[in-house]
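Survey of secondary and tertiary structure
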Amino acid sequence: MVRRDAVEVHDLGHFEFRRVSLRNENFVLWQQCQLPLNITGYNGASEFDYHFPSKIAKGGFFGNVKALSISATRPRVSRNHRAILSASSLHHRSRNSNLPHDGAWRVDLSPRVTGVSKASPRTNLGLASKYGFSNWSVSVSSPTVQVPVESDSEFSVRFENDPKSGFTRVEIEGVDQENLLADVTSTFSEMGVSVQSAKVITDQDRVRDIFAVVDSVTKTPIPEDKWQLIKDKVLTRLRRRESSNANTDDPLLLDQVTFLCSALDKVITQHGNKDVIEAAELLQRGFEDLKVHEDPRKRADLLRYIDNMDKSLITAVIRVFYLYSSLLNVADEAHSHRNRREQVWASQNATPLWYASFDQTLRLFKKAGVGPRELQSLLNRTEYNPVFTAHPTEARRREILTCLHRIFELCSAREDTRLSPAQKTEIEAEVEAEIEILWRTDEMRQRKPTVMEEIMTGLDYFRFSLFEAVCTTYRYAENSLNHVYPNTGLEIPSFIKFGSWIGGDRDGNPFVLPETTVMGALLASRLIIAEYIRRCRVCQDTLTHSSLICDVAPELLASLEEDKKLMEKIPSLRQQIAAFEQEPYRLKLRVIRHRLEQILRGVNARLRELGGSNFSDELLIDIEYNIDEIPGLDPKDGAYSSEEGFLHDLKLIDKSLRACGDDRLANSKLKDLIRLAETFGFHLCSLDVRQESTVHSKAVGECMQLLGMLEDYEALPEEEKIQKLSEAISMPPPIDKLEVLEKSMTDSTKQVLGICKAVAEIMNTISRKAISSYVISMTRQASHVLEVLFLSWLTCDGLTEKKASGEWEAKLVVSPLFETIPDLEHMPEALEQLLKNSTYRSILEASGGVQEIMLGYSDSCKDGGIAASAYNLYKAQEVIQKTTKQAGIKSRIFHGRGGTVGRGAGPTHESILAQPAGSVEGKIKFTEQGEVITYRYGNAPTAAYELTVGITGLLKASHPLLRTKMVENSKYFQIMDEVARYAEKQYRELTDNTDGFYDYFYESTVVDEIGLINIGSRPSRRKASVRDKTSLRAIPWVFGWAQSRHTLPAWYGVGSGIFEYTQNDPARIQELQQMYNEWPFFRNFLSNVQMSLYKASMEIAQEYARLCRNRITERLVYDLVAQEFKLTLEQILMISQQSRLVEDNPGLERSFDTRRKYLDPLNHIQVILLGRRRDPTLSDERIQFWEKPLLRTIKAIASNMRNTG
């Protein structure tokens, strides 16, 4: 609807119109005018951009020309294809239809504002231009050009220099006035413009902000050249806001994204890199336009532009795209946190919260008729156990991660509606400072991280996020339980446990030594003990109850009498007996602190022994953990011997507070401390150690030969191996022979035994809970498990030992890891053979009676493709249940999933619900690694959310009434068998039987360069000189395909598998559609495949394919991949009954579409740089010259993809 308000434009004067030729096209322009005007537009195949100078220091700029039509009789031109009146900017254009050159044109100058001033009667400026006329002159009698304003208009900014006052008057008006104002004033700040005064004028529904400004340096009105720069910057911000708005319907998220990106632009510009911003924007918008309308000439121009960039510019552009994506990730995370927080506030306990929240889940339990006793039983047996690994998929440095963590916290604070303008400005200044740190910090590691650095990075997640997140998660659970099941006495037990492989995973990593493992466990213990000490101080400062005023439980008073005996021996504590005589809680907490400090002294002493000359390293010495020794007092004196003693003392205080009516205080900081103690103990996280099975076999063979047991153990049949190992383990350990034995061992065998000794030391000095499992990768037979028990028996440290009484002491839990598809197929036989062995059964019962079995998602997918891997793993879980149930023992499945769909990843809640019925039974253990740890646990609010959705998924999957029911249809399993078999055949045809396939992979991806970016301490390849599937680890396999936008491991073969089954038979298609709706496994599987297809781009993959040296190989492999992609896309959409990928996940669609703007240009840059690295005509010096920018693209693309390995 057009409103009749208009803008006054004075001194219009005389216009002269002239036909001008450009690219053989004709258009009309103003040539003489006292009003400064800019016109840009598109006429047929021509683009034009012209600035009309002003003879006076007055002007402004509007959003666009809203109406451009051909006389009254011609149809109005589409709103989406109009010429624009705007600042002189190539990037702020809209395309018009191909206008004819005859007929009368009517031009309405329409700024997109809500109205600026009262107007005289509307005057149309009519232009009659006939094709072939060379000149036209028009006199305009009216002193005013009226500019109609549409209701959906956007902005108007005008300025006028006032010679009398010495100021420049600026008027700002727009629909989104607050954001427009922020854009303009931020630009003023960047460009050195000082605001002298400001006022707001409100007229009915219109608001104008009016400023008097001067140049900050000269203190004079703003010169025209600076105003032009200001105009360009404001429009850049508006363009970014409009572009972002296309991908989000949340104005607060839009504001956050715009602010962060503008802040980065500001920082970069202030450092003299405006050309970098312009280059990045040109590429971003250029490739974005090509997604809408392919133009080979424009694509060639963009690629030529990249090819002509010098090293400094291309490096800076890569860094800009990298930081844009990093800041987008922060904005997305802060946005999700804010939405959840608003839901909590809005619900007021009257409506369920978000899907998979505790509140929503418990309501489902109550609706299903689950009573309090049944629910408490489920809660009591629940255990949720994420295990962090150091697998090299987190491409960002620790320094970058901590900086982004600070920005996240500031962004969350910035959204607080209670902030005053001054407070918000202060926070924004802090954000800009952090962004400046990002811009000034090199994201590239100069060397590989050491294992110790990986350990410290892993510990940072606990320090910065998880301590707070765990307390928050328990609190959410308790609040929801009390609301949904009120007055029932139900309690939330501490069911969260954490594990780690960092410092314990030796498989393929020669840098993980026995002393490294011990040091990692000690550093973890040091961190949690220090956290307890800090929180005890806080409680000591708040629980200041006086025994003269309030009652105290007798049990607490009795314990204090015993504590005083300890304190009397230590002068520094003796004085505090008198100081806290009337304050029993403070006194008790001081004793608790002393006992914890003694543990810390012991940990520091052991770290000094292990560190030796390296103890000066800041990784080992940290002022936060330094604590003076007490002269004459051994660190063991007075220290807690276990977590139980610490918890007992805390619960004495808790019980006393509650007995005296101080429940509010008991439920505050003290309860958080108790929760942490129950969750983390004295070990923080249980360490798993891992080694490959053949390493153990060789060590056992060598030891048996040295002990005179056998000459050639490895040559024995499996039955004899089991018999010999069982007999050896049942004998007393050879304590008297061990020292001599070790002197004769090879270094490899010494390292294997050293790990077992390290495990024993950690269990004996920190906590038995400090070690969880000994994982055997590439397990293929029962003897592989017994070999580890033999080695632990040989250490003579009590890990595995049969006592003289006949009872077993067994501290070590051994977890066989089945990885490849053949291993999964042979698993039932190996398990049955192991569980029927009487020696092993006795050891298992002594170690807790639960058989843990780990399933490897990564290698099985690399081996046989995603469909065969996913279904074989599903069947393997059912086999484990059946086998262990028949053997009469309990089992726990350890899920070894990676960061991508191609390595078993996916949304946690849905993944747990998709497990076979009865496979979790209240307990789940799974790996989290690399970039996934950062995205899920890097910030406390997000970590609390991730823990919540995982736990609620576990609760639902563990109860038959809540578990998503599948219609009992055995045919579904038969169908999936066929689909998986066809899919595996297609996958193996490509990866095993296609000539040149691995040449294609190595030459058209960055797999060879991944090892150069120093992601992790572990080598990326097993055999550097071999090009085949077995020489590659799963992570670079997935990483390489993801970088080149093939994402092949996560979907290849699925389309063929489905098509071969259905053969386009409508009945079979309907069967699969029903299966998709009824079977959680199948639905989750196809949903994950969809996500990977959505992140792929066959157009960009083809650019990488051209890097392949052999043109025949290039066409052969690429065509096979592209055909399968097309088929998989069609089949997935048909089965899911969607019109486009991820149609049912708009959040993912929006998020990735936003990142695609930066991802697509990065891929094209990477292809060009990779081509130079592969170019045989370039010298080694030139190849080395372009290496660093290439490696930066790997990091930048990884940040945009969000999951790479």
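Residues numbered from 1 in each chain as written. Predicted model: local features only at pLDDT ≥ 70, side-chain atom pairs only at ≥ 80, totals over all residues. Heavy atoms only, no water.

- The protein appears in an unreviewed UniProt entry as phosphoenolpyruvate carboxylase from Riccia sorocarpa.
- The UniProt entry for the protein carries this comment under Sequence similarities (unreviewed entry): "Belongs to the PEPCase type 1 family."
- UniProt's Cofactor (unreviewed entry) comment on the protein is quoted here verbatim: "Mg(2+)". (UniProt positions renumbered as here; feature names shortened; annotations may be inferred.)

Quick word on the nonpolar core
- Core analysis: the largest hydrophobic core is formed by 144 residues, its most contacted members being Tyr532, Leu596 and Phe790.
- The dominant element in this core, judged by the number of residues it contributes, is helix H11 (residues 451–484), at 16 residues.
- Setting aside residues no more than four positions away along its own chain, leucine 596 makes contact with Ile529, Tyr532, Ile533, Cys536, Tyr640, Phe646 and Phe682.
- With 131 residues, the next largest nonpolar core counts Leu1072, Leu1086, Leu1133 and Ile1197 among its residues. (Core = buried A, V, L, I, M, F, W, Y, C linked by side-chain atoms within 4.5 Å. Buried < 20%, exposed > 50% of the residue type's maximum accessible area, 1.4 Å probe, protein only. Helix = DSSP H or I, 4+ residues; strand = E, 2+ residues; numbered from the N terminus. Contact = heavy atoms within 4.5 Å.)

A short note on the side chain of asparagine 939
- Its location among the elements puts asparagine 939 in the loop between helix H28 (930–937) and helix H29 (940–957).
- Judged by its relative accessible area of 6%, asparagine 939 falls in the buried class.
- Residues in contact with asparagine 939, not counting those within four places in the same chain, are Glu333, His405, Phe408 and Ser465.

Section: the pattern of salt bridges
- On inspection of all chains with the given rule, the structure shows 74 salt bridges.
- Here arginine 1172 ties to aspartate 307 by a salt bridge, and the two come within 2.8 Å at their closest N and O atoms. Of this pair, arginine 1172 sits in helix H39 (residues 1146–1174) while aspartate 307 sits in helix H5 (residues 296–308), placing them 865 residues apart in sequence.
- Using a relative accessible area of 13% as the deciding quantity, one classes arginine 1172 as buried.
- Taking the shortest distance from any N to any O, the salt bridge between glutamate 1149 and arginine 1140 comes out at 2.8 Å.
- Taking the relative accessible area as the measure of exposure, arginine 1140 reaches 39% and is therefore partly exposed. (Salt bridge = Lys/Arg side-chain N within 4 Å of Asp/Glu carboxyl O.)

Re the pairing of strand S24 (residues 850–856)
- Taking burial as the measure, the seven residues of S24 include six buried ones, the bulk of the element.
- Here strand S23 (residues 814–818) pairs with S24 via two bridges, running parallel. Within the sheet, the bridge partner assigned to leucine 817 lies in S24 and is methionine 854.
- Here S24 runs beside strand S25 (residues 890–896); their pairing, made up of seven bridges, is parallel. Paired with isoleucine 853 across the bridge in S25 is isoleucine 893. (Pairing = 2+ DSSP bridges.)

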